[in-house]
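Chain by chain, the residues:
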Amino acid sequence: QVQLVESGGGLVQAGGSLRLSCAASGRTFSSYAMGWFRQAPGKEREFVVAISWSGGSTYYADSVKGRFTISRDNAKNTVYLQMNSLKPEDTAVYYCAAGGGGWLVRVDYWGQGTQVTVSS
């Protein structure tokens, strides 16, 4: 069993930056691929970014490529999402996820979500 707790969301102006963190409980954190999804009001949840268990491979949605960076620290059971050059369309609830597959095609665990609001 893995529990995921996100933090770092908030309100930021367009062009600004935020860093999200996802702290995981459980000894098997390093065996999971990790990632972030987001859901805007009235829209379906969408894939944002993922990182392999070792951190050696990363996968980005086209909409965030070049602006967002995912990283993980297996010693701290934490995954990070650095978000730069934020746009109003990045406004959403961001969910941390743990699972498997290169693009995190299988999600086994979800966090509770953290709100990110980007004002224009």
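One numbering rule holds for all chains: residues counted from 1, following each sequence as written. The predicted origin of the model limits local features to residues at a pLDDT of at least 70 and limits the giving and counting of side-chain atom pairs to 80 or more, whereas totals for whole chains, interfaces and linings rest on all residues. Only heavy atoms go into the side-chain values, all of them from the structure, while hydrogens and water stay out.

Student: When you look at the pattern of salt bridges in this model, what are you seeing that I'm missing?
Tutor: Between side chains of opposite charge, a pair can form when the charged atoms approach closely. For salt bridges, the criterion is a side-chain nitrogen of Lys or Arg within 4 Å of an Asp or Glu carboxyl oxygen. Tallied over the full model, the rule gives 5 salt bridges. Between Lys65 and Asp62 there is a salt bridge, and its shortest N-O distance comes to 3.1 Å. Here the two residues Lys65 and Asp62 agree in accessibility, since each one is exposed. Put simply, Arg38, Glu46, Arg67 and Asp90 are held in one network by salt bridges that share partners. In this scheme, a residue with accessible area under 20% of its type's maximum is buried, one over 50% is exposed, and one in between is partly exposed, where area comes from a 1.4 Å probe on protein chains only.

Student: I keep staring at the environment of Arg38 and nothing clicks. Help me out?
Tutor: Mapped onto the fold, Arg38 is located in strand 4 (residues 33–39). Taking relative accessible area as the criterion, Arg38 reaches 6% and is therefore assigned buried. Spatially, the C-alpha atom of Arg38 lies 5.8 Å from that of Tyr95, the residues being 57 residues apart in sequence. Of note is the side chain of Arg38, whose polar atom sits 2.9 Å from the side chain of Asp90. Two N or O atoms form a polar contact when they lie within 3.5 Å of each other; inside protein one atom must be a possible hydrogen donor and the other a possible acceptor, and for residues adjacent in sequence the pair counts only when both atoms belong to side chains. Here Tyr94 takes part through its side chain, which lies 2.9 Å from a polar atom of the side chain of Arg38. Going along the chain from the N terminus, every DSSP run of H or I of four or more residues is numbered as a helix, and every run of E of two or more is numbered as a strand.

Student: Which parts of the structure should I look at to understand the environment of Lys76?
Tutor: Within the secondary structure, Lys76 is located in the loop between strand 7 (68–73) and strand 8 (78–83). In this structure the C-alpha to C-alpha distance between Lys76 and Ala24, which are 52 residues apart in sequence, comes to 8.6 Å.

Student: Looking at this model, I keep getting lost on the pairing of strand 8. Mind explaining?
Tutor: On a regular strand, each side chain points to the face opposite its neighbour's, so the side chains alternate between the two faces of the sheet. Counting buried positions over the 6 residues of strand 8 gives 5, a clear majority of the element. We treat two strands as partners when DSSP finds at least two bridges between them. Across 6 bridges, strand 7 lies against strand 8 in antiparallel orientation. When the sheet's bridge partners are listed, Asp73 is paired in strand 8 with Thr78. Taking the residues that link successive antiparallel strands as the turn, the strand 7-strand 8 hairpin has 4 residues, and the phi of Asn77 there is positive, at about 55°.

Student: So what exactly am I meant to see when it comes to the packing of aromatic side chains here?
Tutor: What describes a pair of aromatic rings is the distance from one ring centre to the other and the angle between the planes of the rings. Pairing of aromatic rings covers Phe, Tyr and the six-membered ring of Trp, with a centre-to-centre limit of 6.5 Å; geometry is then stacked below 30 degrees between planes, edge-to-face above 60, and tilted otherwise. Applying the stated criterion across every chain yields a total of 6 aromatic pairs. On the basis of an interplanar angle of 55° and a centroid distance of 5.1 Å, the ring pair of Tyr59 and Trp103 is categorised as tilted. In this pair, Tyr59 sits in strand 6 (residues 58–60) while Trp103 sits in the loop between strand 9 (92–100) and strand 10 (106–110), placing the two residues 44 residues apart along the sequence. Seen from their ring centres, Tyr95 and Trp110 are 6.4 Å apart, and the 85° between their planes marks the pair as edge-to-face. Linking Tyr95 in strand 9 with Trp110 in strand 10, this pair joins segments that are 15 residues apart in sequence. Overall, Tyr95 belongs to the buried group, its relative accessible area being 14%. Through pairs of rings, three or more aromatic residues link up here, namely Phe37, Phe47, Tyr59, Tyr95, Trp103 and Trp110. Taking the ring centre of Tyr95 as reference, the NZ or CZ of Arg45 above it sits at 3.7 Å. In this scheme, Lys NZ or Arg CZ marks a charge over a ring once it lies within 6 Å of the ring centre and within 35 degrees of the ring normal.

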